[in-house]
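What follows is each chain in one-letter form.
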There are 2 protein chains.
Amino acid sequence: MNNQKLLIIKIGGNSIDNKFELAQFLETIATINTPFILVHGGGKLATDLAEKLNIPQQLIDGRRITDAETIKIATMVYAGYINKNIVALLQKNNKNSLGLSGADANLIKTTKRIHPTIDYGFVGDLNAESVNTDFLENIINFGLTPVVNAITHDGNGLLLNTNADSIANALAVSLSSKYEVSLLYCFEKKGVLLDPSNDDSVIKTLNHQQYEQLKNDGTISKGMLPKLDNCFNALQNGVSAIGILKATNLLGFLNKTTHEYTTIIE
Amino acid sequence: MNNQKLLIIKIGGNSIDNKFELAQFLETIATINTPFILVHGGGKLATDLAEKLNIPQQLIDGRRITDAETIKIATMVYAGYINKNIVALLQKNNKNSLGLSGADANLIKTTKRIHPTIDYGFVGDLNAESVNTDFLENIINFGLTPVVNAITHDGNGLLLNTNADSIANALAVSLSSKYEVSLLYCFEKKGVLLDPSNDDSVIKTLNHQQYEQLKNDGTISKGMLPKLDNCFNALQNGVSAIGILKATNLLGFLNKTTHEYTTIIE
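Calculation rules
Residues numbered from 1 in each chain as written. Chains lettered and ligands numbered in written order. Predicted model: local features only at pLDDT ≥ 70, side-chain atom pairs only at ≥ 80, totals over all residues. Heavy atoms only, no water. UniProt positions renumbered as here; feature names shortened; annotations may be inferred. Pairing = 2+ DSSP bridges. Helix = DSSP H or I, 4+ residues; strand = E, 2+ residues; numbered from the N terminus. Contact = heavy atoms within 4.5 Å. Axes fitted to C-alpha atoms, helices over the stretch in contact; angles between N-to-C directions. Phe/Tyr/Trp six-rings, centres within 6.5 Å; stacked < 30°, edge-to-face > 60°. Buried < 20%, exposed > 50% of the residue type's maximum accessible area, 1.4 Å probe, protein only. Lys NZ or Arg CZ within 6 Å of the ring centre and 35° of its normal. Parallel < 35°, antiparallel > 145°, perpendicular 65-115°, else oblique. Left-handed = near helix turned anticlockwise from the far one by under 90°. Nonpolar A, V, L, I, M, F, W, Y, C, P; charged D, E, K, R; others polar.

- As recorded in an unreviewed UniProt entry, chain A goes by the name Acetylglutamate kinase, listed as coming from Flavobacterium jumunjinense.
- Per UniProt, chain A carries the Catalytic activity (unreviewed entry) text "N-acetyl-L-glutamate + ATP = N-acetyl-L-glutamyl 5-phosphate + ADP".
- Its UniProt record gives chain A the following Pathway (unreviewed entry) comment, quoted word for word: "Amino-acid biosynthesis; L-arginine biosynthesis; N(2)-acetyl-L-ornithine from L-glutamate: step 2/4."

Written as structure tokens, this is what we have:
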């Protein structure tokens, strides 16, 4: 349907925590000629800062409870420190980029999560309609690379912490109406592993049926489930291709010189 | 020369520190129909955070020494917390806005300050050529209100702390090639005061000759000098009108229902 290619590249926390690795990664992606959007999560920095400020952090089912002090910290670290450092480093590598929270240009509007028993605090849930795709198209046409962090807003003045994988997913799905989108989740592993203790047990392709099987027999671990649910959702909603791969393998993946990655297929 | 009007509105630290006052101010400026750019400084928040984290702050001649830890804090607070909260509150008031540091879209490139005797640290100095005016024009044409913070970059990966008054000045001067620009410095006083202890001693108009006189006889106090030097510089470089006024008087100034403000003339 759409011929112009667009990559949505998500980098995980581990790639952000290591300063040297992050600089390397940004130097690498600055060489990509296909237009792309970079989506980043938070890493350990927010937790470290909360600790230094004696603000206790609470996790329920792997999700951070975001109280009033924690959303302040998340906003400072994700939308401030990490986002601006990534942009400055991309500029250094001559990739003109633009850092964005979900509040900027009304890019991503979310709804504060309501849960019957757990108060998640300032956490925002989104859907494909949350995204201001016209603005992104304008920015990309202007030659800019959007760098999107995990802070969104509710349109009523509240900033909300949002899962960065879900943001990448929503961007990919919504932009499929304008582009041929590939969604690439970059993290510290080579792909989805059959055996989490063996880094070389990469599943080359994973379809929905296999996924259900591996989920049921417990092969695929808890942390991967929301990411993979996002992937299959994206595939069913117009995204052309989805890869899960090691950050340092991204260029090899794009140049087709590595085969160590997981492709999600229907 | 240019017929399209543009306002550059600078708000000072005191207006930012008071949450209620800031919300009021943003509600007010959201009603302005003329396109504008909002420039904001830092306020006490960065100092408070540095204190909580036991990072000592040093000032020389009213200028903050920005060491490695302090630029981190400034980036978190100015580009993160303050900038995104302002954007979210403008969105709440249906003013679609876009938060920007100088690194974003290569908006403001500065040079790390070199001083023969004082190491100011991560401080950037700018000039009118520092500003990416084409990007701002594109954003304004798209219907967005830019919200600019005081963090800039050197194009080589460094983030630098920059005086927000000087940023407002550079934006005003450089955009005078595209717009009829009014530069408005909003702060806690009603204008430039003849007697700093008397809030009602507002100087209605101030020309360069009067300024030199008041500077020489010590009437105009230290803190106002860089601001006023910026103003006369802007006026000599294409900016159409300059006002110094109380933040809460901004709408009255624009509607011409108040006469309590200082206008800078040649």
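That covers the picture; the talk isn't over yet.
1. A few points about the sheet that holds strand β2 (residues 36-40) of chain A
Residues and elements named next belong to chain A.
Then, in step 1: Strand order in the open sheet made by the 8 strands is β5-β8-β2-β1-β11-β13-β14-β12, with mixed pairing throughout. Pairing within the sheet leaves two strands with one partner each, and these edge strands are β5 (97-100) and β12 (205-206).
Then, in step 2: Of the strand pairs in this sheet, strand β1 (residues 5-11) and β2 are connected by 5 bridges, and their pairing is parallel. From the neighbouring strand, Ile11 faces β2, where its bridge partner is His40.
Then, in step 3: Along the sheet face, helix α5 (residues 133-141) touches β1, β2, β5 and β8 (145-148) and points at about 155 degrees away from the line of β5.

2. Side note on the packing of aromatic side chains
Then, in step 1: Enumeration over the complete set of coordinates arrives at 6 aromatic pairs over all chains.
Then, in step 2: Taking 4.7 Å as the distance between ring centres and 90 degrees as the angle between the ring planes, the aromatic pair formed by Phe253 of chain A and Tyr261 of chain A counts as edge-to-face.
Then, in step 3: When its relative accessible area of 18% is taken as the criterion, Phe253 of chain A is described as buried.
Then, in step 4: One Lys or Arg, Lys112 of chain A, reaches over the ring of Phe122 of chain A and ends 5.2 Å from the middle of that ring.
Then, in step 5: A cation sits over an aromatic face here: Lys227 of chain B above Phe187 of chain B, 5.3 Å from the ring centre.

3. Structural notes on the packing of helix α7 (residues 208-216) of chain B against helix α8 (residues 224-236) of chain B
All names here are of chain B.
Then, in step 1: Two elements in contact, α7 and α8, have axes separated by 12 Å at closest approach and are oriented at 160 degrees. Overall, the two elements α7 and α8 adopt an arrangement that is roughly antiparallel. For the crossing formed where α7 meets α8, the hand is left-handed. Across the interface between the two elements, His208, Tyr211 and Lys215 of α7 pack against Leu225, Leu228, Asp229, Phe232 and Gln236 of α8.
Then, in step 2: Grouping the constituent residues of the contact of α7 with α8 by class yields 4 nonpolar, 2 polar and 2 charged.

4. Let's talk about the pairing of β2 of chain A
Residue and element names in this part refer to chain A.
Then, in step 1: Of all 5 residues making up β2, 5 are buried, and the element is well covered by its neighbours.
Then, in step 2: Covered by surrounding structure in β2 are Phe36, Leu38 and His40 together with Ile37 and Val39, the residues of both alternating faces.
Then, in step 3: Here 2 bridges tie β2 to β8, and the two strands are oriented parallel to one another. From the neighbouring strand, Val39 faces β8, where its bridge partner is Val148.

5. Quick look at the sheet that holds strand β5 (residues 97-100) of chain B
Residue and element names in this part refer to chain B.
Then, in step 1: In space, the 8 strands of this open sheet follow the order β5-β8-β2-β1-β11-β13-β14-β12, with mixed pairing throughout. The open sheet has two edge strands with one neighbour each: β5 and β12 (205-206).
Then, in step 2: The pairing of strand β13 (residues 241-246) with strand β14 (residues 262-264) spans 3 bridges and is classified as antiparallel. Bridge pairing links Gly243 to Thr263 in β14.
Then, in step 3: Against the sheet, helix α4 (residues 68-92) contacts β1 (5-11), β2 (36-40), β5 and β8 (145-148), and its axis sits at roughly 175 degrees relative to β5.

6. Observations regarding unusual backbone geometry
Residue and element names in this part refer to chain B.
Then, in step 1: We note that Asn106 has phi near 55 degrees; this positive angle belongs to a residue other than glycine.
Then, in step 2: Summarising the element assignment, Asn106 is placed in the loop between β5 and β6 (111-112).
Then, in step 3: Residue Asn106 is classed as partly exposed on the basis of its relative accessible area, which comes to 26%.
Then, in step 4: The backbone of Lys256 shows a phi angle near 60 degrees, a positive value even though the residue is not glycine.
Then, in step 5: Tracing the sequence through the fold places Lys256 in the loop between α9 (250-254) and β14.
Then, in step 6: Classification of Lys256 as exposed rests on a relative accessible area of 67%.

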